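# Structural description and commentary
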Amino acid sequence: MPLMEAVKRWREDWRYPTTLLCIYGFFSTVKPLEPFLIPFLTGPDKNLTTEQVNNQIFPVWTYSYLSVLVPVFLLTDWLRYKPVVVFQCVTLFITTAMLLWTQSVAAMQAMQFFYGVVTASEVAYFSYIYSVVDLEKYRKATSYSRSVQLLGYTVGSVLGQLLVSFNLISYNYILVFTLVLTSIALLTSCLLPMPHRSMFFHCKKATKETNKHDDDGEVNATQLRSGASTEEIGGRDEKAEEKGCGRVLLQLWKDFLQCYSSRQLLYWSVWWAMATCGYNQTVNYVQVLWEHVQPSQNFSIYNGGVEAVSNLLSAATAYGIGFTEVKWEQWGELALGGFSGLGATALFLMTFIGNIWVCYTGYIIFKCLYMLLITIAMYQIAADLSMERYALVFGANNFGALTLQTIITSVVVDSGGLGLSIIPQFTIYASYFSLISIVFSLHGLFTIWSIKKSNKESTHPHRNASPDTIEHRF
């Protein structure tokens, strides 16, 4: 009996769902073949051409991701996360199985469609913790789930590099091993506790007895920041309130308009969408560039090692930025422009130098710079938003990025558009980041000048100005 009570207490503790989710996150992200996907597809196993992979197969992922992103986002909340986590793992298994057992271009396009669904369903993984863990434990649980996912990607990259470099097993057996790991993740996802609430459709019901107003009848500023309406503010019990789809969509639209009415948030979100678009395009097609510079059939390749190093350095960069003391509201846009310019330089060097080690180094620098800036952007945007509104802004920014990415893919990459080869593609991506750099650098300089001018005027008001005018200008 004491053992049963201990097990029951363990299952009710926040560590139980967090541990299961971390196990799922690790085994679902260990993908040893991913850094070597281009050599696998263009090698004797699949015998596809680089043009087929680049211009016909890879673009399908972008279209699939965009088409299912919004429905999956809403279904994830409506179904309360766990079913979508399980569904993500099932589609990941299907994706890996198709990669192993199918051959044609059409089959690989279908595989990319399923992988787009897997990527869109990732929102369930990051949202699940919110519904089963108390708010004071949420930050810790989130850090665990994100860290273990990074660990999975890194282990997968290192393992893949070792298996390929020492020629221990073939690409096909690496995929079989990945299927085993995915099966473990699928079993773990089925053991996750089913949440009783969600952010939007099954939120906690507010009690009407204790509306918390200040003594003068004002609503507390923290409550307004949370996005709750006046009727909803107050004590909350654990009972979930069902909300209709129309009501949820209306509330999301109101929150959307209110969030983006902030000019500061809008600037950071525009950079987020534009930079994430360019980053995704670069990461998706960088293996094609590496294959062009140094064909895997003739030379040793170190894609897995490079991915592992880039992941670890990106994590260290993102972690270290939390210890810097910078007025990002003043210097942030200039930092976005300056570091985006460095990223553009790295892409130009990767494109035109034609040396694989320059390509590897440039990719690591580019990835670290993006992770540095996206961490700052996330912090600046999340600073004054509730969890619900941050989820909304996060989803809207990613949707904007994906829309831009779809436009670029359909025009530049897709065989139905220009169907450019990899060198012109990366020239466009580098130019794209150069444009981002110029726009945000100029606006950042203008922001700094405006702040300094405002501070100077507030410190030294005109002598002839009336008190009312001085007060207004201050």
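Described in the following lines is the structure provided in the data block. Here the structure is a predicted model, which is why all the values come from computation and not from measurement. The residue numbering used here restarts from 1 in each chain and proceeds along that chain's sequence as written. It should be noted that, the model being predicted, local features are given only for residues of pLDDT at least 70 and side-chain atom pairs only at 80 or more, the latter also being counted only at that level, while totals for whole chains, interfaces and linings use all residues. Only hydrogens and water are removed before side-chain values are computed, so all heavy atoms of the structure are retained for them.

Our next topic: the overall build of the protein. Starting at the N terminus, helices and strands are each numbered in turn, a helix being any DSSP run of H or I of at least four residues and a strand any DSSP run of E of at least two. Secondary structure assignment for the protein yields 19 helices and 2 strands. Relative accessibility under 20% of the residue-type maximum defines a buried residue, over 50% an exposed one, and the middle range a partly exposed one, all with a 1.4 Å probe and only protein chains included. Sorting the 474 residues of the protein into buried and exposed places 47% on the buried side. Sequence-distant contacts in the protein: of pairs separated by 6 or more residues, those separated by 24 or more amount to 82%. Two residues form a contact once any of their heavy atoms are found within 4.5 Å.

We now examine helix H14 (residues 303-320). Since one α-helical turn is 3.6 residues long, residues separated by three or four positions face the same way. Taking 1.5 Å per residue as the helical rise, H14 with its 18 residues ought to reach 26 Å, and the 26 Å between its terminal C-alpha atoms agrees with that figure. Listed as buried for H14 are Asn-303, Gly-304, Val-306, Glu-307, Ala-308, Ser-310, Asn-311 and Ser-314. On its buried face, H14 sits against helix H9 (135-165), helix H13 (263-293) and helix H16 (356-382). By this rule, a helix spans an expected 1.5 Å times one less than how many residues it contains.

With that out of the way, let us pick up a nonpolar patch on the surface. Patch definition: residues with relative accessible area over 30% and no salt bridge; like charges joined within 9 Å; nonpolar side chains (Val, Leu, Ile, Met, Phe, Trp, Tyr) joined within 5 Å. Each accessible area is a Shrake-Rupley result for a 1.4 Å probe, and residues are judged covered by the shown protein chains and nothing else. Basic side-chain nitrogens of Lys or Arg form a salt bridge, by our definition, when they fall within 4 Å of a carboxyl oxygen of Asp or Glu. Where nonpolar side chains cluster on the molecular surface, the patch consists of Val-158, Leu-162, Phe-166, Leu-168, Ile-169, Tyr-173, Val-176, Val-180 and Ile-184 and spans about 820 Å² of accessible area. Among the elements of the structure, H9 and helix H10 (171-191) are those that each provide at least two residues to the nonpolar patch. At 4 residues, the largest contribution of residues to the nonpolar patch is made by H10. Relative to the assigned elements, Leu-168 resides in the loop between H9 and H10.

Disulfides are defined as cysteine sulfur pairs within 2.5 Å. Taken as a whole and assessed by the stated rule, the structure comprises 0 disulfides. Note on Cys-190: no disulfide assigned, nearest cysteine sulfur contributed by Cys-89 at a separation of 8.1 Å.

Time to look at the pattern of salt bridges. A side chain with one charge can pair with a side chain of the opposite charge if their charged atoms come near. In the structure shown here, the tally under the stated rule is 2 salt bridges. The closest approach of N and O atoms between Arg-389 and Asp-255, which form a salt bridge, is 3.0 Å. Taken together, the positions of Arg-389 in helix H17 (residues 387-413) and Asp-255 in helix H12 (residues 245-259) put the pair 134 residues apart, joining distant regions of the chain. Here the two residues Arg-389 and Asp-255 agree in accessibility, since each one is buried. Here Lys-367 ties to Glu-307 by a salt bridge, and the two come within 3.4 Å at their closest N and O atoms. One end of the pair, Lys-367, is in helix H16; the other, Glu-307, is in helix H14, and 60 residues separate them in sequence. When its relative accessible area of 11% is taken as the criterion, Glu-307 is described as buried.

Time to look at the nonpolar core. For our purposes a nonpolar core is just a set of buried Ala, Val, Leu, Ile, Met, Phe, Trp, Tyr and Cys residues, chained together by side-chain atoms within 4.5 Å. Leu-41, Phe-58, Leu-99, Trp-271 and Phe-426 are the most contacted members of the largest nonpolar core, which totals 76 residues. It is H16 that contributes the most residues to this core, 14 residues altogether. Once you skip the residues sitting within four places of it in the chain, Phe-426 turns out to touch Thr-282, Tyr-285, Val-286, Leu-289, Leu-347, Met-350 and Thr-351. Residues Cys-22, Val-85, Ala-124 and Ala-185 belong to the second largest nonpolar core, which totals 36 residues.

As far as function goes, none of this settles anything; it's purely spatial.
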